[in-house]
Amino acid sequence: MATDLTAPRTAVAPDVTSIQRRTLRLLFTTQIIGGIGVTIGIAVGALLAARIAGTAVAGVAQSAGVVGAALLAVPVTRIMARHGRRPGLVLAYAVGAVGGVLVVLAAATRWVPLLFLGMLLFGGGTAANLQARYTAVDLAEPARRGRQLSLIVWATTIGAVAAPNFAALADRVTTDWGLPPLAGPFAFSAAAFVLAAVVLLGLLRPDPLLTARRLAAAEATAANLPPAADATAAGGGATPAAAPVGVRAPRGAGMRAAWSVVRGQPAARLGIAAVAVGHLVMVAVMAMTPVRLGESHADADVLRLVGIVLSLHIAGMYAFSPVVGWLTDRLGRRAVILGGVGLLLAACAVAGTAGHHTPRLSVGLVLLGLGWSGTMVAGSTLLSESVAAEVRPSVQGLSDLIMGLAGAGAAVASGFVMQFAGYPVLTLLAAVAAAPLVALALRPVPTGAPDEEG
């Protein structure tokens with residue numbers, strides 16, 4: 001039997017609706033604050049690493065933040081599984097703040113190991129931003145899950161646009177205070193993470209995940225049934241259908257329990273695959289686009305062109321996410337995943353055949369961002385509703401871990417492919433990596449209880 005956590009009920013629905021509205025407003029605000037902190041670090045991190053450790057390891061320092069976000073997803077989601085969303089998000093932002101402080105100290109002492117440790121912990125800000133999108137759907141109505149998740153993703157756009165201006169301001173102000181150049185933005189990031197953590201600690205009450213669990217447990221007790229995954233777990237549209245019966249959370253809340261659930265639930269596997277593959281393709285192509293531009297333009301023009309092209313790419317990733325969320329609810333999760341994969345393949349084709357034609361390359365990067373948005377929003381929505389509430393944080397943490405490691409691996413591998421084979425071959429390999437997701441999304445999923453073989 002399906003468990004709809006937000007369907008109208010006597011005396012319960014108004015409270016759930018009110019909690020959800022307040023949660024969305026709070027997450028939207030903290031997502032902007034945290035997004036500014038994260039984007040500032042991305043904007044100046046490579047430059048600071050190049051000054052301290054040399055250009056050769058600047059990319060590795062940036063990758064440390066990606067790996068840190070992926071690894072931190074494990075303890076953060078374990079805490080969420082046991083104690084709710086609030087302590088997990090607060091911990092992630094707090095770790096990110098500590099990382100920002102360590103980067104500032106590394107800039108002052110020019111100690112490279114401290115820089116890498118700081119960048120690793122700085123990934124806590126990214127981990128918190130990623131987990132916020134899942135928090136948005138704990139109490140969402142099935143017909144609005146995609147839109148509400150995408151709203152939190154879209155809030156990142158505001159932070160990403162504002163961050164470069166804050167970076168320059170923070171650097172000027174803190175240089176007057178005696179901090180080394182490029183260290184100030186990380187101090188500002190640490191302050192932003194602390195602010196986001198304090199706001200969540202004080203205002204994210206009641207906890208949406210714990211509230212969802214109480215409602216699911218109450219309904220299961222009333223119906224004399226175990227809590228089950230939501231009705232749309234099979235990946236259909238917004239109209240509830242028969243949900244799998246017997247998909248229970250195994251004992252424990254770690255990655256092993258999460259993997260056990262994912263193995264037994266095809267919809268969860270598709271959700272994780274969509275998020276991870278979309279991220280892998282996006283990072284692989286995007287990471288080497290500045291290098292591609294540098295092959296055909298003078299140094300004086302490269303930075304300006306890189307800024308324009310990547311800004312268009314980021315707009316494709318985030319600016320249209322509310323539309324993607326609406327389509328996810330209207331057309332169905334699988335349809336939007338397939339559309340996202342189609343856009344990723346089109347992006348690889350356009351960018352890979354653009355040669356040194358910058359406008360065409362820009363079109364390819366916009367398509368790349370749109371494809372990522374489709375797989376991220378629809379995949380995350382499908383994953384969240386396809387598993388029971390008690391194991392949901394662990395499964396979501398597993399997804400973010402896989403996504404982060406896929407992105408980090410793609411960033412490293414793309415450099416070697418670019419050096420030895422070139423940008424067109426890189427885009428071809430990225431397209432090949434995305435193609436199997438089409439077959440997975442088209443595979444029929446039974447509406448009954450999945451067995452071990454399924």
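About the criteria used
- Residues numbered from 1 in each chain as written.
- Predicted model: local features only at pLDDT ≥ 70, side-chain atom pairs only at ≥ 80, totals over all residues.
- Heavy atoms only, no water.
- Helix = DSSP H or I, 4+ residues; strand = E, 2+ residues; numbered from the N terminus.
- Buried < 20%, exposed > 50% of the residue type's maximum accessible area, 1.4 Å probe, protein only.
- Contact = heavy atoms within 4.5 Å.
- Areas by Shrake-Rupley, 256 points an atom, 1.4 Å probe, with all protein chains shown as cover.
- Expected span 1.5 Å × (residues − 1).

Colleague: Looking at this structure, I do not really get the overall build of the chain. What am I missing?
Modeller: A count of helical and extended segments in the chain gives 15 helices and 0 strands. Counting all 454 residues of the chain, 53% fall into the buried class. Within the chain, counting contacts between residues at least 6 apart in sequence, those at least 24 apart form 82% of the total. Carbon and sulfur atoms make up 70% of the accessible area of the chain, which totals about 18,000 Å².

Colleague: Looking at this model, I keep getting lost on helix H15 (residues 423-442). Mind explaining?
Modeller: A turn of α-helix holds 3.6 residues, and therefore any two residues three or four places apart point the same way. Helix length check: H15, at 20 residues, gives a terminal C-alpha distance of 30 Å against a target of 28 Å (1.5 Å per residue), a fit within 8%. Buried within H15 are the following residues: Tyr423, Leu426, Thr427, Ala430, Ala431, Ala434, Leu437 and Ala441. Lining the buried residues of H15 we find helix H9 (266-294), helix H12 (333-352), helix H13 (358-385) and helix H14 (392-420).

Colleague: What am I meant to see in unusual backbone geometry here?
Modeller: A negative phi angle is the norm for most residues apart from glycine, just as the trans form is the norm for most peptide bonds. Cis peptide bonds are those with omega within 30 degrees of zero, and the linkage from Arg205 to Pro206 qualifies with -5 degrees. Of note, Pro206 is situated in the loop between helix H6 (184-203) and helix H7 (208-223). In the Ramachandran plot, Arg110 falls in the positive-phi region, its phi being about 55 degrees despite a non-glycine side chain. Following the sequence through the fold, Arg110 ends up in the loop between helix H3 (85-109) and helix H4 (112-135).

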